[in-house]
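Tertiary structure, described
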Amino acid sequence: MAEKTNQRVKYRNGKIFTADENHSFVDTMIVENGRIVWTGKEENTKDCGYKENDRTVDLAGACVLPGFVDAHMHPVMLADFSKKISALPPKVHSIEELIQEITHVRERQKPGQWIEGWGYDEGKFAEKRSVNRYDLDRGCSDSPVSIIRTCGHIRCVNSMALRLAGIDRNTPDPEGGEIERDENGEPTGVLKENARNLILPFMPEEKEEDKIENLVALGNLLTSQGIVAVCDMGNLDDSDNEPLYQEAARRGFAQKVGIYYMWDYFMGNQTFDIPKEKMDRSRQIFAAGLKLIGDGSVSGRTAWMSRPYVGSCEEYGISVCTDEQMETAFSFCKEHKCQLSMHAMGGQAISRVVERAYGEDNWMEDDTPYVRVEHITDPSDDSIQKAAEKGIAFVTQPIFMYAEIESYLKNLGEEWMKTCYPVQKMLDAGVKLCFSTDAPATSWAVPSDPFPCIKGAVTRKAYDGTDCGQAEAIDIRTAVCLYTREAAKAAGFGVLGMIKKGYEADFIVLDKDIFEIPPEEIDKVKVKATYIGGNCVYRR
């Protein structure tokens, strides 16, 4: 429950990291009416109108940061997944354990009811292979089963689900997708990229009330992690999350949210529109723009790379987005003056969208980047330089290699892997870069947690200690800025991301000094308190 106050409050005796390059650290800040009105040394507060009877909070030397901005995640999906089977450690370590979880769910419900799960990663299974329809059939054969891979780009279903959707050996691959088949031409149950959508018309829809309650619960988790704002990067269907957030906010959901609409599902809808009033970025919940899917994932071997995956001479991944989708999305965003976002991991996918955006001038009415590219696993030097020149934002996720190292080594090999996510290289080139998690689309038990993500960027080591390329490691101050100030800029959150006069009083108090502890301990840091608009919305 938030501690609401509009009183002028002085926060003193802290190690306050402002993310302001001119004054990185102060020991005191003053907050009034939800805004920061002064920062500096306590001895100078008499010069800023502070009165002795104003309220004072002693930070007791604690480390304070601007609140985290997760510029790329899928909160509604993450909230809904919380009620489904998690195929990740520490719950599931093998295909056999996943089969047991499916069996347990089936025992609690009737035949014919869907069983759903998320998060499987063959690299983390003891069997070191992907799950298939026959595995899922052993868990349950009289109900349809669907398990989403950790990347969100691949779905595995059982035989009953394939029958419901009419998928058999004669079903052609959809454009931008693949129905995986065995040596006899039979579908294995693994549906890649656009093929995963063939199942959607036959799956049950979550009740709106459940979605709202799940969102409220997720908001509480996010505040406990110090996350004060998020970008919702779209659903895997044509539903609109905006009403869900509005109602969740009325029930206590505190984060600011920028919503992106997945163009795949709206392009053909002649009535689809984003009214200007919905794009008002001063609102807690606002429409930010459109999202396109350019390719798949490295861990799923579907990211559209510039060279073939290890073990193949011709396997480059999948180009998912059609020319028509891209062109109509650019037209819509230019007309409506909203952001265009494109998922692009592989070099070819990145080059494609950067080349297209390079020919445009910034159409936004403020300093928000007109185009942002998501993930950026293996960009070319040319793509980096052009993005820097045109102010195209790159939104990347250090948690991917940190958590999915098994798949990266298998699919790319050690040397190629070390050059992926070239954070320092992109910063040196002047790219507008920021961090996020893409939760729940990564192999981590609590995928929205910012601290493992930051640890991966600073250490450039995976969770198991594997060296991920020390040349691209960054210092902790830079990492925090990329998760606060730069994330707010890339997402267009305005006066968020810094502890600076005029900015919103969204900040967090940590239990450890993140700037002084060994980098290997960053993931052990916890949030003691989270403030949004000057109100304490979480206290540990």
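Right above here is the structure, for reference.
A few points on the structure. (Residues numbered from 1 in each chain as written. Predicted model: local features only at pLDDT ≥ 70, side-chain atom pairs only at ≥ 80, totals over all residues. Heavy atoms only, no water.)

The four strands are arranged β5-β4-β1-β6 in an open sheet whose pairing can be described as mixed. Here the strands that pair on one side only, and so sit at the sheet edges, are β5 (35–40) and β6 (55–58). Going from strand to strand, the sheet's axes swing by 20° on average, the running direction of each strand aside. As paired elements, strand β1 (residues 9–12) and β6 share four bridges and run parallel to each other. Each residue of the ladder has a partner; that of K10, found in β6, is T56. (Pairing = 2+ DSSP bridges. Helix = DSSP H or I, 4+ residues; strand = E, 2+ residues; numbered from the N terminus. Axes fitted to C-alpha atoms, helices over the stretch in contact; angles between N-to-C directions.)

Viewed as axis vectors pointing N to C, helix α7 (residues 323–336) and helix α8 (residues 347–358) meet at an angle of 35°, and their least axial separation amounts to 12 Å. Our pair here, α7 against α8, has a crossing hand that is right-handed. When α7 is examined against α8, the residues D323, M326, E327 and F330 are found in contact with a partner set consisting of R352, V353, R356 and A357. Classifying every residue of the contact of α7 with α8 gives four nonpolar, no polar and four charged. (Left-handed = near helix turned anticlockwise from the far one by under 90°. Contact = heavy atoms within 4.5 Å. Nonpolar A, V, L, I, M, F, W, Y, C, P; charged D, E, K, R; others polar.)

The next subject is unusual backbone geometry. In the segment running from A439 into P440, the intervening peptide bond is cis, with an omega of 5°. Tracing the sequence through the fold places P440 in the loop between β21 (432–435) and α14 (450–459). Not every positive phi belongs to a glycine, and E193 is a case in point at roughly 50°. Locating E193 in the fold gives a position in strand β14 (residues 187–193).

Quick look at the nonpolar core now. Core analysis: the largest hydrophobic core is formed by 105 residues, its most contacted members being L65, F394 and I514. Per-element tally for this core: the top contributor is helix α15 (residues 476–483), with six residues. Setting aside anything within four residues of it in sequence, one finds L65 in contact with F17, V480, I499, F507, I508, L510, I514 and F515. (Core = buried A, V, L, I, M, F, W, Y, C linked by side-chain atoms within 4.5 Å. Buried < 20%, exposed > 50% of the residue type's maximum accessible area, 1.4 Å probe, protein only.)

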